[in-house]
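Residue strings, one per chain:
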Amino acid sequence: MTHPILGLHHVTATVDDAQDDLDFCIDLLGLRLVKKTVNFDNHHVYHFYYGDEQGTPGTLWTTFPYKGKGVPVGEHGAGQIVATSFSVPAGSLPFWRTRLESRGAQVVTGRARFSDQCLALRDPSGLVFELIEAAEDQRTGWQSTIGPEAAIRGLHSVSMVVRTPGPTVEFMTSVLGFEVVAEADGRIRMGVGGRGAGHLIDVLHDERATPAKNGLGTVHHVAMAIDSEDQQLQLRQDLLDREWKVTEVRDRQYFKSIYFREPGGVLFEVATLRPGFAVDEPLRSLGRDLKLPPWEEPHRTDIEAGLPDITYA
Ligand code: ZN
């Protein structure tokens, strides 16, 4: 039995400095901050959500800025997402290269894969981002300072590293409904709910890869989208029936989530589409105020006092 996974929902990373993260994601990449909240598992750390105007699932990049909290720098390796790729319009990479280089970002031509044109860069924490031209992507993205000819349209894909691809591909296919879209050079492209941007996970396989370590500058997990809470519960039950470890359903305020690891060790989340980011503030002012879930609201004064100062437009 497979489950109706719709595509990617969000990607979440541990980063270093909150202000650097805001500057990078808003000013440089042109993403919209669609929610400023706290880590629900540690309310002295921000949780930033970036995306398109509404924070549509499939456009979301989210960060926990852990500077000064004793979290070591992480190590990239097996059992981890090692690159997060965003979809940009065909022909826009020269614009991006000029923009990124003029602002001091370290840009390299991305590792070629299939027919994709790709630029790669690192964020201030050392995370690897890629911009991939996807002519067929019809999403509009957030157009604040960057026009429609170049604005990021949402997530394109993530690349994860495993040592042995067989069990991972089997799990993603038989449980989550992925299909193998393409394969080349140690890279197996898996698609779910579609075969284009926003629906893809590239499984990189390398028997000699050293195990990843979570920490600053590493992706924590990738989330896939599912339409309803009922479907999420069915998936959860199916995982339990397979004697697979899965968390209880967690209320993330803007969606509900379950978490489990695929056989290669990468942390997967499956999140619902609703209620979305306009549930606690108007669409026009998303990201302006610190929003807390009801169970954290009584601690607001303490929480605000413990968070770093930040500014952003
Ligand atoms: Zn998540």
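Keep in mind the model is a prediction, meaning the values are calculated, not measured.

A. Summary view of the overall build of the protein. For the protein, the count of helices and strands is five helices and 16 strands. The C-alpha radius of gyration of the protein comes to 18 Å, within 12% of the 20 Å expected for a compact globule of 313 residues. Every one of the 313 residues in the protein was classed for burial, and the buried ones make up 57%. Excluding contacts between residues fewer than 6 apart, the proportion of contacts in the protein whose partners are at least 24 apart in sequence is 68%. As presented, the protein carries roughly 13,200 Å² of accessible surface, and 49% of it is formed by carbon and sulfur atoms. Between the centroid of the 31 positive side chains of the protein and the centroid of its 43 negative side chains there is a distance of 1 Å.

B. Spatial organisation of the sheet that holds strand β11 (residues 187–191). Within the open sheet, the eight strands sit side by side as β6-β7-β8-β5-β9-β12-β11-β10. Their pairing is mixed. Strand pairing shows two members of the sheet lacking a second neighbour, β6 (107–109) and β10 (179–184), which therefore form its edges. This sheet shows a mean twist of 25 degrees between the axes of neighbouring strands, independent of strand direction. Bridge count between strand β5 (residues 80–88) and strand β8 (residues 128–133): five bridges; the pairing is parallel. Among the inter-strand pairings, Ser85 is bridged to a residue of β8, identified as Glu130. Sheet strands in contact with helix α2 (residues 93–102) are β5, β6, β7 (118–122) and β8, and its direction is about 20 degrees off that of β7.

C. Local environment of the pairing of strand β3 (residues 42–51). Counting buried residues along β3, eight of its ten residues qualify, which places the element largely inside the surrounding structure. In this structure, strand β2 (residues 32–39) lies alongside β3, joined through seven bridges in antiparallel fashion. Residue pairing in the sheet places Lys36 in a bridge with Phe48 of β3. As judged from the three bridges shared by β3 and strand β4 (residues 60–65), these two strands associate in the antiparallel manner. Considered in β4, the bridge of Phe48 is made with Thr63.

D. How the structure looks around the packing of aromatic side chains. A complete count under the given rule lists 15 aromatic pairs for this structure. Between Phe95 and Trp96, the ring centres sit 5.6 Å apart and the planes meet at 85 degrees, which makes this aromatic pair edge-to-face. Here the aromatic cluster, defined as three or more aromatic residues joined through ring pairs, consists of Phe24, Trp61, Phe86 and Phe129. Over the ring of Trp142 we find Arg32; its NZ or CZ atom is 4.8 Å from the centre of that ring.

E. Here's a closer look at the nonpolar core. Counting residues in each nonpolar core, the largest one holds 68 residues, and the members touching the most others are Trp61, Trp96, Leu131, Leu176, Ile201 and Phe268. In terms of residues, this core owes the most to one element, helix α1 (residues 18–28), which gives six residues. With sequence-adjacent residues up to four places away left out, Trp96 is seen in contact with Leu28, Leu29, Val88, Leu119, Leu131, Ile146, Ala150 and Ile152. One finds Val34, Tyr254, Ala271 and Leu286 within the second-largest nonpolar core, a separate group that totals eight residues.

F. Quick peek at α1. Of all the eleven residues making up α1, eight are buried; the element is thus mostly covered by neighbouring parts of the structure. Of all the residues in α1, the buried ones are Ala18, Gln19, Asp21, Leu22, Phe24, Cys25, Ile26 and Leu28. For α1, the N-terminal cap is Asp17; the gap from its side-chain oxygen to the backbone nitrogen of Gln19 is 3.3 Å. Gly30, located one to two residues past α1, shows a positive phi value of around 80 degrees.

G. Representation of the sheet that holds strand β15 (residues 256–261). Strands sit in the order β2-β3-β4-β1-β13-β16-β15-β14 across an open sheet of eight strands; the sheet is mixed. Because the sheet does not close on itself, it has two edges, and the strands there are β2 and β14 (250–251). Where α1 meets the sheet, it contacts β1 (5–15), β2, β3 and β4, and its direction lies at approximately 10 degrees from that of β3.

H. Structural view of the pairing of β4. Burial analysis of β4 places six of its six residues in the buried class, which makes it a mostly covered element. The side-chain alternation of β4 yields two buried faces, one formed by Leu60, Thr62 and Phe64 and the other by Trp61, Thr63 and Pro65. Judged from the six bridges that link them, β1 and β4 form a sheet pairing that is parallel. Of the residues in β4, the one forming a bridge with Ala13 is Thr63.

How each quantity is defined
Residues numbered from 1 in each chain as written. Predicted model: local features only at pLDDT ≥ 70, side-chain atom pairs only at ≥ 80, totals over all residues. Heavy atoms only, no water. Helix = DSSP H or I, 4+ residues; strand = E, 2+ residues; numbered from the N terminus. Rg over C-alpha atoms; globule rule 2.2 N^0.38 Å. Buried < 20%, exposed > 50% of the residue type's maximum accessible area, 1.4 Å probe, protein only. Contact = heavy atoms within 4.5 Å. Areas by Shrake-Rupley, 256 points an atom, 1.4 Å probe, with all protein chains shown as cover. Lys, Arg positive; Asp, Glu negative; His and termini not counted. Charge placed at Lys NZ, Arg CZ, Asp CG, Glu CD. Pairing = 2+ DSSP bridges. Axes fitted to C-alpha atoms, helices over the stretch in contact; angles between N-to-C directions. Phe/Tyr/Trp six-rings, centres within 6.5 Å; stacked < 30°, edge-to-face > 60°. Lys NZ or Arg CZ within 6 Å of the ring centre and 35° of its normal. Core = buried A, V, L, I, M, F, W, Y, C linked by side-chain atoms within 4.5 Å. Polar contact = N/O pair within 3.5 Å; in protein donor to acceptor, adjacent residues only side chain to side chain.

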